[in-house]
Each structure stands twice: as structure tokens, then as C-alpha cells.
Amino acid sequence: MYTRIEKVGQISPKESTIYLINDITKLKIYGFTNGEVNYIKTQNEKNKIKVFTFNRLNKWEFVQFIKKDDNDFLTLESCRKAGDSMLSKINGNRTKIIYIVDTQDNSNEAISFAEGMALGNYQFNKYKKSKDAKKSFNTLEKIFLVSKKTSDKSIEEINILTEAVYKTRDLVNEPVSYLNALKLSEEAEKLCCKEGARIEVMNKLKIETLKMGGLLAVNKGSLDPPTFTVIEWKPSKFKNKNPYIFIGKGVVFDTGGMNIKSLSNMTDMKCDMAGAAAVIGTIYAIAKAKLPVYVIGLIPATDNRPDGNAQVPGDVINMYDGTTVEVLNTDAEGRLILADALSFAKKYKPELVIDLATLTGAAHAAIGKYAMVGMGSKYKKYMDDLKNTGDKVSERIVEFPLWDDYKELLKSEIADMKNMGGAYAGAISAGKFLEHFTDYPWIHLDIAGPAFMDARDSYRGQGGTGWGVRILFDFIKNKCL
Ligand code: BES
Ligand code: ZN
Ligand code: ZN
């Protein structure tokens, strides 16, 4: 279950409460004594303390100062982080219900605070069975928000998004021992069909008939078959003429294949389907919110493993669109399966295609875990839009160039292209490779950095972050206005 937020008219005398404030005088209305207010005021001014805790007879009360930044988006992000920070106290006290009072009538800040708290409260507990392990489970179940200016609609939207992010994280956190390609497709089906989206899962035979050579080549070393999943959300009325298409890299585990990864590089590679998970989570949220927009999700999925019949460096493969590719490194597998999906997307004459992929260590190395790398063609207005949305929800994009100079890096001696560039600019040469398979407005998002955290990072948590769902949902929502 996800941590749900509900709007209420007033606080409860028995339940713990957080007061969000900028202006200290507001506290008097809520029963704080003059002595307490003065104490808070001096400690805040002199020692810059932002959180105050009061242990009342039958509940806890917290006072949380909101840190204002010149940039509104940064203020919202610090609200999310503050909401998350409060969790250690709440769960530490074994509290189940918390009230949040928006004393300043600043709905955006209150919602962001609650959002950070709800997202931060996520845990992946499925495989924790022992009594001891259960002691570390979070207790917080519900967040009640007292906020006059907050609409029911915006609360419902945050709940839909929180649930979608939870589901996305679950998918990323599942190991391949449970979540192989087939299972990933089934989970997509379960989630999206429930909300009225249509789904088609193409099996290996169909993929062979279609001659998706990239997906089949990566799957050659695997005992489990690949899948290619098409999710369609097409409500009876929608605002766009042609669909927006999201493509997610669905490598359910990346060993590197014959170019096998080192131990430390392989450890977290169950996350190599985080792009696919984000596409599933986003369409789930769009369908649940019944947004009047036509959206398609495409998910090529397989694991990447060495085996008796696995592809080897030097192999030449035939892609879905007929391009021949010399596979010089079997660990550059994501671009092979994405390329087939990008070519497949042409038939829809899409308004815009956005692909999400944990594609390169180079993207991670370049900007770390706090942003994703974005690139695109014929995309200018969409990219500006998407970047702004990314800043707003704090799933930020750093744009890299797609100059044709980088195409040189992909020249093969014996085929149309090779699947890896040189030692430098690895995120860009990967983008350049993908570009070859597009003929429509397209944006590539490399989420290798922010998709998965090995240590807890505020409300993003540990493990799968669900990165991509909040930006794509907001982007599509704005297309409906
Ligand atoms: N899945 C990896 C990229 C990755 C790295 C994702 C770190 C998440 C965190 C991808 O398939 C890969 O191995 N890429 C290679 C490409 C290279 C061989 C051209 C890389 O980045 O090293
Ligand atoms: Zn790889
Ligand atoms: Zn990979």
C-alpha cells in the first residue's frame, strides 16, 4: 500500500501534528503559549533551527519552518526533502497518522511537503519475512492535510502519482529471479489494463516474424524469451492528433553478455529496466487520472547474459529497419533493443517520442545521480517544455548536444554502424546511435545516474527511485490544458 494523503478540515486532538510556518505569529492560533512561541522565534533566528518538537500528553507536535529560495521550484524541493526528514521522527515514534497544517495557506508548499513524506515512506519489504526484519517496517499509514487552498483534484493527483511511483520502484527493486521479461510484461498488463489501457504483449515468435534483430541478438544468450509490449491509452476524447510515445529500456538484468561486467559494475543491474518501469508507471498514472490524451508505451524487454549461443563481439546483426550493426561490445545492449522500438514507433507518425533508458555509465559519470542527460532531434519546443517540467518536479534534465561530428564515432569497417563509440562522450555516441532509427520529433533521456540509489537519498529512497514518472506525467498533463 502507498501512503495516502487526504484533505481534512481540522486537526484531531489526539493525533500528532506538523505545523508548516514562515510567520511565527500564526502559531498562537494553534494553542502554542507565548513562551513557546518566543523560544521558537529566538532559536530559529539565532541558531537557524528549522524543526521543533513538542511532546504533548497524548501526541507529538512539530513546527517546521519552510526554507524560502529565490527560485520557487527550489523551495518546493526543499519542502519535499523536509517532509521526508520528518519521517524518521514519525516512524521512530511508531506513529500511524499524521496531520499537516498549512498555516500560511500556501498550498503548493504544503502539497510538496506531504508529497516528500509520502514518497519517502516507501519501503520494499516483500522479501523481509523474519520478525526482526519486520521491526524496521515504517508505521506511517496516512497523511491528513489541513490546507484551505488545496483542491481535492490536486490531492487526488498527488495520490495517483505517489502510487505510480511506488509501483515503478517495486518493479525496479524486483530481482530478475522474479521479474524476467515475460513477468515484466504481465505486470504491465495487470497494472495498465485495470485502468482501461489496452495492451499487447508480443512473444518471441512474433518478434522473430517482425525481424527485430536488435532485441533478438541481445536475447540470444538467454534461456528466457524476450517480449515486446505495446501499451495504448486512447480515451474516447483526446487533445492530440497523433500519439505521444514513451519507450522504456527493459533489460531485466544486464550482465554485460560475453563482454561480462566486473563484479561491482554488475551488482545493481536489476535496475536496467528502470526506463521500462517508468513508462509503465507513467501510463498507469495517466490512465488512472483519465487524462484526455493519446499515449503509447513501447517496451522491448530481455535479459542480457553470456551463454553457449550468446552474441559475441564482432557479430553483425540486422536491425528491424534493415540497418546492419557490428556489435563490438555486447554490453552496449540497451541501444540495440531501443533501436528496434524506435523504428517500430515510425508507423504511428508520433507527435513526439521520448525514450527513457539506463543507457550509459558515461551519463552517470558526467552528472551523477541528481539529474538525467537529455538529447534530441526536431525537438526544441518540447525540450524546453520538458526541462521546465523537470525543474518543477525536480527530475531535472541536463541537455547534451547531438552534433553530427559524434556520428563519426559509430562508423564501422564492415557494417552500416557499430554499437559503440570511442572512449569519450559515451552518453552522446549512444544518443547518436539511437537517432539513426528516428524520423520524428524525439527526445532521449539517459537515466543511468538517478534511476537507482545504492544509499538512501531523501524522498527518492534507496534502490529504485521511480525517476521519470513525475516529469512525464506532468508534461502530458500540461498537454491537456
Ligand atoms: N546498463 C548499462 C549502463 C548503466 C551503467 C546503467 C550504470 C546504470 C548504471 C549499459 O547497458 C552499459 O553497460 N553501457 C556501457 C556501454 C559501453 C560498453 C559502450 C557503458 O556505459 O559502459
Ligand atoms: Zn550493458
Ligand atoms: Zn544495460
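Because the structure is predicted, anything quoted here is derived from the model rather than measured. (Residues numbered from 1 in each chain as written. Chains lettered and ligands numbered in written order. Predicted model: local features only at pLDDT ≥ 70, side-chain atom pairs only at ≥ 80, totals over all residues. Heavy atoms only, no water.)

Tell me about the state of the cysteines, residues and numbers included.
Structurally, a disulfide amounts to a covalent bond that connects the sulfur atoms of two cysteines. Within this structure, the stated rule accounts for zero disulfides. Among the cysteines around C192, which has no disulfide bond, C193 carries the closest sulfur, lying 7.1 Å off. (Disulfide = S-S within 2.5 Å.)

An account of the site of ligand 1 is requested, with residue identities and associated values reported.
Around ligand 1 there are 16 residues in total, and K261, D272, D331, E333 and G361 lie nearest to it. Here G361 contributes a backbone N or O atom positioned 2.7 Å from an oxygen atom of ligand 1. Protein contacts shield 80% of the accessible area of ligand 1, which totals 520 Å² for the unbound molecule. (Near = heavy atom within 4 Å. Polar contact = N/O pair within 3.5 Å; in protein donor to acceptor, adjacent residues only side chain to side chain. Areas by Shrake-Rupley, 256 points an atom, 1.4 Å probe, with all protein chains shown as cover.)

Explain the environment of N329 residue by residue, including any values.
Relative to the helices and strands, N329 is located in the loop between β13 (324–327) and α12 (334–345). Residues N329 and N138, 191 residues apart in the sequence, show an inter-C-alpha distance of 43 Å. Residues in contact with N329, not counting those within four places in the same chain, are N259, N419 and M420. A distance of 2.8 Å separates a polar atom in the side chain of N329 from the backbone nitrogen of D331. (Helix = DSSP H or I, 4+ residues; strand = E, 2+ residues; numbered from the N terminus. Contact = heavy atoms within 4.5 Å.)

Quick rundown of unusual backbone geometry? Include the residues and the values.
Positive phi outside glycine occurs at R94, with the angle close to 60°. As for its placement among the helices and strands, R94 is situated in the loop between α3 (87–92) and β5 (97–102). Using a relative accessible area of 45% as the deciding quantity, one classes R94 as partly exposed. The phi angle at K349 is positive, at roughly 45°, despite the residue not being glycine. Relative to the elements of secondary structure, K349 occurs in the loop between α12 and β14 (352–357). Accessibility expressed as a relative area gives 61% for K349, which makes it exposed. (Buried < 20%, exposed > 50% of the residue type's maximum accessible area, 1.4 Å probe, protein only.)

Can you lay out the sheet that holds strand β1 (residues 4–7) for me, pointing to particular residues and giving the numbers?
If you trace the six strands from one edge of the open sheet to the other, you get β1-β6-β5-β2-β4-β3, paired in mixed fashion. In the strand order of this sheet, the two ends are held by β1 and β3 (51–55), each with one partner. Looking at each pair of strands side by side, their axes are set apart by 20° on average, direction ignored. One ladder, built from five bridges, connects strand β2 (residues 16–21) with β5; its direction is parallel. Paired with Y19 across the bridge in β5 is V101. Contacts from helix α1 (residues 34–47) reach β3 and β4 (60–65), with the element oriented near 150° to β3. Against the sheet, helix α4 (residues 107–120) makes contact with β1, β2, β4, β5 and β6 (142–146), and its axis sits at roughly 160° relative to β5, the strand it touches most. (Pairing = 2+ DSSP bridges. Axes fitted to C-alpha atoms, helices over the stretch in contact; angles between N-to-C directions.)

Purely spatial values, then, with no claim about function.
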